[in-house]
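Chain by chain, the residues run as shown.
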Amino acid sequence: MEMLKGNVAIAEAAIRVGLEAYFGYPITPQTELLEHLSRRMVELDRPFVQAESEVAAINMVYGAACAGVRVMTSSSSPGISLMQEGLSYIAGSDIPCVLVDIMRGGPGLGNILPSQGDYFQITRSAGHGDYRPIVLAPASVQEAIDFTVLAFDLAEKYRHLVIVAADGQIGQMMEPAELPAMRPLRTARPDWALTGKAGREKNVITSIYLKGEEMEAYNQRVQARIATIRTAEQRWVETDTEDADLLVIGFGTAGRVAYSAVEEARAKGLNVGLLRPQSLFPFPTERIAELAQQVSGILVVEMNAGQMLEDVRLAVGTSAPVDFYGRMGGMVPMPDEILTAIEDVYPVAIR
Amino acid sequence: MQHELIFSGFGGQGVMFAGQLLAYAAMDTGYHVTWIPSYGPEMRGGTAHCTVVISDKPIGSPVVRRPQIAIVFNKPSFDKYEPLVRPGGLLVINSSLVDDPVTRERLDVLRIPATQMAEQVGTPRLTNVVLLGALLAERPILPVNALCDALDAHIPAHRRNLLPQNIEAVRRGAAYAGDFETMGIP
Amino acid sequence: MMRDAPISDRVVVYERPQALADIHTHYCPGCTHGISHRLVAEAIDELGLNDRAIIVASVGCSVFSYNYFDIDACEAAHGRAPAMATGLKRVSPDRLVFTYQGDGDLASIGTAEIIHAAARGEPVTAVFVNNAIYGMTGGQMAPTSLPGQKTTSSPFGRSTDIAGFPIRMSEVLAELDGSAYIVRRSLHNVKEIRRAKKAIKTAFKVQMAGLGFSMVELLSTCPTNWGMSASDALTWVADTMVPYYPLGDYRVIDAVKDL
Ligand SMILES: Cc1ncc(C[n+]2csc(CCOP(=O)(O)OP(=O)(O)O)c2C)c(N)n1
Ligand code: SF4
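This write-up is about the structure you can find in this document. Numbering of residues starts from 1 in each chain and follows the order in which that chain's sequence is written. Chain labels run from A onward and ligand labels from 1 onward, assigned in the order the entries are written. At least 70 in pLDDT is required for a residue's local features to be given in this predicted model, at least 80 for side-chain atom pairs to be given and counted, and no such filter applies to totals for whole chains, interfaces and linings, which use all residues. With hydrogens and water stripped out, all remaining heavy atoms of the structure feed into the side-chain values.

All right, on to the site of ligand 2 then. Residues are classed as near a molecule or strand on a simple rule: at least one heavy atom within 4 Å of it. Surveying the vicinity of ligand 2 reveals eleven residues, the closest of which are Cys28, Cys31, Cys61, Cys222 and Asn225 of chain C. Surrounding ligand 2 is a set of residues that belongs to chains B and C. All residues other than Ala, Val, Leu, Ile, Met, Phe, Trp, Tyr, Cys, Pro, Asp, Glu, Lys and Arg, Gly among them, are scored as polar; the first ten of these are nonpolar and the last four charged. Partitioning the shell around ligand 2 into residue classes produces six nonpolar, four polar and one charged.

Residues grouped as a nonpolar core are buried Ala, Val, Leu, Ile, Met, Phe, Trp, Tyr and Cys residues, joined through side-chain atoms within 4.5 Å. The classification of residues rests on relative accessible area computed with a 1.4 Å probe and restricted to protein chains. Under 20% of the type maximum is buried, over 50% is exposed, and intermediate values are partly exposed. Counting 58 residues, the largest nonpolar core has Ile298 and Val312 of chain A as its most contacted members. What counts as a helix is a DSSP run of H or I of at least four residues, what counts as a strand is a run of E of at least two, and both are numbered from the N terminus. Ranked by residues supplied to this core, first place goes to helix H3 (residues 54-66) of chain A with eight residues. The split of the chain into domains comes from an automatic or database domain assignment. Domain assignment of the residues forming this core places at least three in each of domain 1 (2-232) and domain 2 (237-349) of chain A. Membership of the second largest hydrophobic core comes to 51 residues, among which are Val15, Met27, Ile112 and Ile141 of chain B.

Ligand 1 sits among 25 residues. The nearest are Glu54 of chain A together with Cys61, Asp103, Asp105 and Gly135 of chain C. Residues near ligand 1 are shared among chains A and C, making this a multi-chain site. Identification of polar contacts relies on pairs of N or O atoms within 3.5 Å, with a donor-acceptor requirement for protein atoms, meaning one able to donate a hydrogen and the other able to accept it, and with residues adjacent in sequence counted only if both atoms are side-chain atoms. At 2.4 Å, a side-chain N or O of Glu54 of chain A approaches a nitrogen atom of ligand 1. Residue Gly135 of chain C places a main-chain N or O atom 2.8 Å away from an oxygen atom belonging to ligand 1. Accessible areas in this description were obtained via Shrake-Rupley with a 1.4 Å probe; residue shielding takes into account the shown protein chains only. Starting from 590 Å² of accessible surface for ligand 1 in isolation, the protein chains cover 97%. Elements represented by at least two residues in the shell around ligand 1 include exactly helix H4 (77-91) of chain A together with helix H4 (103-109) of chain C. No other element matches the four residues that H4 of chain C contributes to the shell around ligand 1.

Moving on, we get to the pattern of salt bridges. Opposite charge on two side chains lets them pair, provided their charged atoms get close. Salt bridges are defined as contacts in which a side-chain nitrogen from Lys or Arg sits within 4 Å of a carboxyl oxygen from Asp or Glu. Counted by the stated rule, this structure contains 45 salt bridges over all chains. With its nearest N and O atoms 3.2 Å apart, the salt bridge here joins Glu113 of chain C to Arg80 of chain C. Note that Glu113 of chain C is positioned in helix H5 (residues 111-119) and Arg80 of chain C in the loop between strand E2 (72-75) and helix H3 (81-91), a separation of 33 residues in sequence. Glu192 of chain C is the salt-bridge partner of Lys191 of chain C, the closest N and O atoms lying 3.8 Å from each other. Overall, Lys191 of chain C belongs to the exposed group, its relative accessible area being 58%. Linked by salt bridges that have partners in common, Glu20, Arg70, Asp153, Glu156 and Arg186 of chain A make up one network.

On to unusual backbone geometry. Residue and element names in this part refer to chain A. With omega at 5°, the peptide bond leading from Thr28 into Pro29 counts as cis. Inspection of the secondary structure assignment puts Pro29 in the loop between strand E2 (21-24) and helix H2 (31-43). Gly106 connects to Pro107 through a cis peptide bond whose omega is 0°. Positive phi, close to 60°, is recorded for Asp45, a residue that is not glycine. Along the polypeptide, Asp45 turns up in the loop between H2 and strand E3 (48-50). Asp45 sits in the exposed class, given a relative accessible area of 71%. Unusually for a residue other than glycine, Asp240 sits at a positive phi of about 55°. Among the secondary structure elements, Asp240 is positioned in the loop between strand E9 (236-239) and strand E10 (246-249).

Here a residue-residue contact requires only that any non-hydrogen atoms of the pair lie within 4.5 Å. Taken together, the 25 residues of chain A in the interface contact 20 residues of chain B. What gets called buried area is simply the loss in accessible area from a 1.4 Å probe that two parts show on being joined, summed for both. For the pair chain A and chain B, the summed buried surface comes to about 1800 Å²; carbon and sulfur atoms form 67% of the total. The largest share of the area that chain A buries against chain B comes from Met3, Met174 and Met334 of chain A, three residues that together contribute 30% of it. Along the contact surface separating chain A from chain B lie two salt bridges. Between Arg65 of chain B and Asp336 of chain A there is a salt bridge, with the nearest N and O atoms lying 2.7 Å from each other. Between the two partners, chain A and chain B, sit six residue pairs in polar contact (both at pLDDT 80 or more). Contributing elements (two or more residues each) for the side of chain A that touches chain B: strand E1 (2-5), helix H7 (168-172), strand E8 (174-177), helix H9 (252-267) and helix H12 (335-350) of chain A. Per-element tally for the side of chain A that touches chain B: the top contributor is H9 of chain A, with four residues.

Residues and elements named next belong to chain A. A pair of strands is considered paired only if DSSP assigns at least 2 bridges between the two. Pairing is mixed across the open sheet formed by five strands, whose spatial order is E9-E11-E10-E13-E14. In this open sheet, the two strands that pair with only one neighbour each are E9 and strand E14 (322-326). Taken over all neighbouring pairs, the strand axes of this sheet differ in orientation by 20° on average, direction set aside. With five bridges joining them, strand E13 (residues 297-302) and E14 adopt parallel strand pairing. Within the sheet, the bridge partner assigned to Glu302 lies in E14 and is Gly326. For helices, the fitted line uses only the C-alpha atoms of the stretch in contact; every axis is such a line through C-alpha atoms, and the angle between N-to-C directions lies from 0 to 180 degrees. In the packing of H9 onto the sheet, contacts are made with E9, E10, strand E11 (272-277) and E13, and the angle to E11 comes to roughly 165°.

Another point: the packing of helix H1 (residues 33-47) of chain C against helix H8 (residues 190-208) of chain C. Residues and elements named next belong to chain C. Between H1 and H8, whose axes approach to 9 Å, the crossing angle comes to 50°. When the axes of H1 and H8 are compared, the pair comes out oblique. In this structure, the crossing between H1 and H8 has a hand that is right-handed. Contacts from Ile35, Leu39, Val40, Glu42, Ala43, Ile44, Glu46 and Leu47 in H1 reach Ile193, Ala196, Lys197, Ile200, Lys201, Phe204 and Lys205 in H8. Broken down by class, the residue content of the contact of H1 with H8 amounts to ten nonpolar, no polar and five charged. For classification purposes, an angle smaller than 35 degrees is called roughly parallel, one larger than 145 roughly antiparallel, one from 65 to 115 roughly perpendicular, and anything else oblique. When the near helix sits turned anticlockwise from the far one by under a right angle, the crossing is termed left-handed; a clockwise turn instead gives a right-handed crossing.

Relative placement of two packed helices is described by the angle separating their axes and the distance separating the axes. Residues and elements named next belong to chain A. Across the interface, helix H1 (residues 6-16) lies against H2 with an axial gap of 7 Å and an inter-helix angle of 40°. Here H1 lies oblique to H2, going by the angle between them. The interaxial crossing formed by H1 with H2 has right-handed handedness. Judged by residue contacts, Asn7, Val8, Ile10, Ala11, Glu12 and Ile15 of H1 engage Thr31, Glu32, Leu33, His36, Leu37, Arg40 and Met41 from H2.

This is the structure we're talking about:
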C-alpha cells in the first residue's frame, strides 16, 4: 500500500502497464498527472510531449496510436472539449486509445472544483458521429488505478476509445492504494499498425468513407462492436440492495458520498440500498431495470443537473418513481444532504 | 471507529502537509484513510484546508460538513470552523495567532501557542507538527510514535536535515497537551 | 515639505488611473502583472479612451483582469482572445479593442489565433505578458521557457531535445505584413517600465489610426513559480531573459512615425 494522489496514481499505473507515449497540456485539476509523467517518462526514456494545446495533444495521440503503441492523454473539461474532433477521428479509425478526464465545474471556463457535469459529453459520443466510447468512472484512488489498467486492456481488446472519467476530487485526493507491478513494454506492434509495409500489404488508417453504403457498413460494424461491449462490459457495485425499498444510484464521488448516507439511513432503520455504476458506458441498464421491479423508489445523486438521471429513467421506465438530488458548479454533496434527500423521498417510496 | 478532522490555515503554514502526515501515520498503523485538499487559486495567499478521515472500515464520504476535530492555524480558520465542529468534538487552536474566546459549549478546546513553540525549536514552519503532537496527546487517535515514524518515512528529501527538529517539535507539542488539564481525554 | 502642507494645498503627484478599478488584485507579491495593468490603464486614461476601450481577458493569471480595469471587458477561452477581439473590432471599428495574454495563452494554445490576427492586419492590440512560465496552473513549462529552465513539467530543466526551443513571438509576428507595430519591452526596472508605457500608448494609437495589428511584448516576472524573491526575479529578467529575448522594435511601419 502506498499513499497516492489520484492524479499521480493514474499516471504511475499507466507507466506500470506499459504506457509507451504521453501527450498532454496542463490544466487543473489534472495537472499532477502530466507533471508526474514529465518526470517518469523522461526517466524511463519514453516519449513525453507537452503539446501546444489539447487540439495538438489528441492528434499526437492519434498519430502514436496509429503506430500501434500504448498511448494516452489526460485533461479536464475545457480541454476535453477541444479534443472532441480528434476523439471522433480516433473512434472513426478503430484504433485503441485511452483518455483521462478529470472533470471540473462548467460550463465555460467555470472553475477547477470537482464536477460530473460532462457526463453527456463523454458518454454520448465525445465528438461528432455515431459511436459511444467506453467510459469508466472510479470512486477511489484504487479504482482510478484499476480502471486505468482496465482501460488499456479494453481499448486494445475492442480497438476502441476508452475514457477514464473522474471528478476533480478523485484526482486531488490521497488514499492508500496498491499499484500494479511494472510490466515490460510490449515489443510487437499489432498487425494493423503503421510500421512501414516491409513484408506485408500496406496498412491504411482513415475515417473517410465517401460512399454512403460504405460509411453505413462501417457504422454497422462499429455498432456491432458496441453491442458486444454493451453486454460484456457493464460494471457496477451494490450495497444493501437485497431488501432495499429505496435504491440510491450515484457514480464517482457522488456515489461514494451516497454510500455514507445510505449507511446512516440503514442505521436509522430505513431499507435503503446503493448501486454505483463503475462503467457509465455501457450503463448497467439491465440490473437497474431488475432492481426497479423490487424497490418502491429510486433516488439518483449526481454532481450535475441530472445527466445520468436520463440513463436511469431509460432503464427504469415506469417501474418505479425516480427522484433526483444534485449539486452543480463544483459543489460536492455532503452525506447529510443526501440523507435528507433519502428521508424526503423514502416515505413516498414505501407507500 | 471513524475520525473526521479538518486542518485549516494560511497557505504556507504547512496545513496540507500536517494532514498528509497524519494520513501517512494512519495508513502505516493499518487504518483506512482519505485526505482531500482545498485546491486552486484560493490557496494563493488565502486560507487552505484539508480534510482527513481515518476509519477501521472502508471510507464512504471523504468530505465532511461538521468535523469531530478541527485544527485551526489562524483566525479566519477559527472563525470558519469554531461553529462547525460537532458537539462534543475538539477544537485545537494555534493560540499564537488566535486569541478569540470560544463561545460554543460542549466542545473540548486545546489552545497551544504552536507558532511560538515552533520558533523556540527553530522555525515557525514547525507550527504544523507542534499542533499534530498536541492533537495526538489530547486525542490518541494514533500513537505519537506513529507520527514520528511517518515523519521519518515521508519528510521531503530536501528537508531531511530538519527531521530531528520536527521530532522535537512533535514532542514539545505532545508534552504541552499532556501537561495541560483538558477535558474529555478518553 | 508636502507632507506638512494642509490637505487642501497638497498636490496629487501619483494616483490610481481612472481605468484601473479600485480593488485589490489577486496577483502575488512582486508579480509584474500589476505593473503592466497600471501601464495599460495609464495609457487608456491619457488617450481618453476609457469609455471606448474593451479588454478581452485571457486564461492565465490575468484571468480576472476584467475585474481590475474599469472598462468594458470580456473573457476569452484559453488562447482565443485574438479571435474574439477580431469579432468585437469588426463590428465596432471605432472602439479600442485589446487582448491581455500570457505566454501560454498567446504563444502555445493560441498561436494560430495570434498569427492570423496579425496576418489579417486586424487593428487590435495584444498586450503580451511573457513570464516564461505557466503561472496560473502552478509553474509548468511555457513555450517561452528558456533552455535548461526547471519547471514542474520540465523537472530536469527544459531539454531542447524533448521540448524544442522557445518561441520569440515578436520576431515571428514582425514577419507578417499585417503587423504595424510589434515591439518588445521589459518591466524589470524603472527605465524599461517607462519605455513599456510609451510603447503601449503607441500601440493603442496605431490601432485607433487603423494602421494594422499591434503587439507589445512585456518581459515579466513570476516570483512564485520561479521560486525567487521579487528582486531576484527582476534580476533574472535582466540577466537571463533579456539576452534571449532582446528588447527592441521589431516592426514599426512608416505610418507609425507620423502619429
Ligand atoms: C482549454 C484549456 N486548457 C488548459 C487550461 C488551463 N490553463 C489555465 S491558464 C493556463 C496557462 C496560463 O499560462 P500563461 O498564459 O503563460 O499565463 P500566466 O498564468 O503565466 O500569466 C492553462 C494551461 C484551460 N483553462 N483551458
Ligand atoms: S503565479 Fe506568477 S504570474 Fe501568477 S500572479 Fe503569481 S507571480 Fe504573477
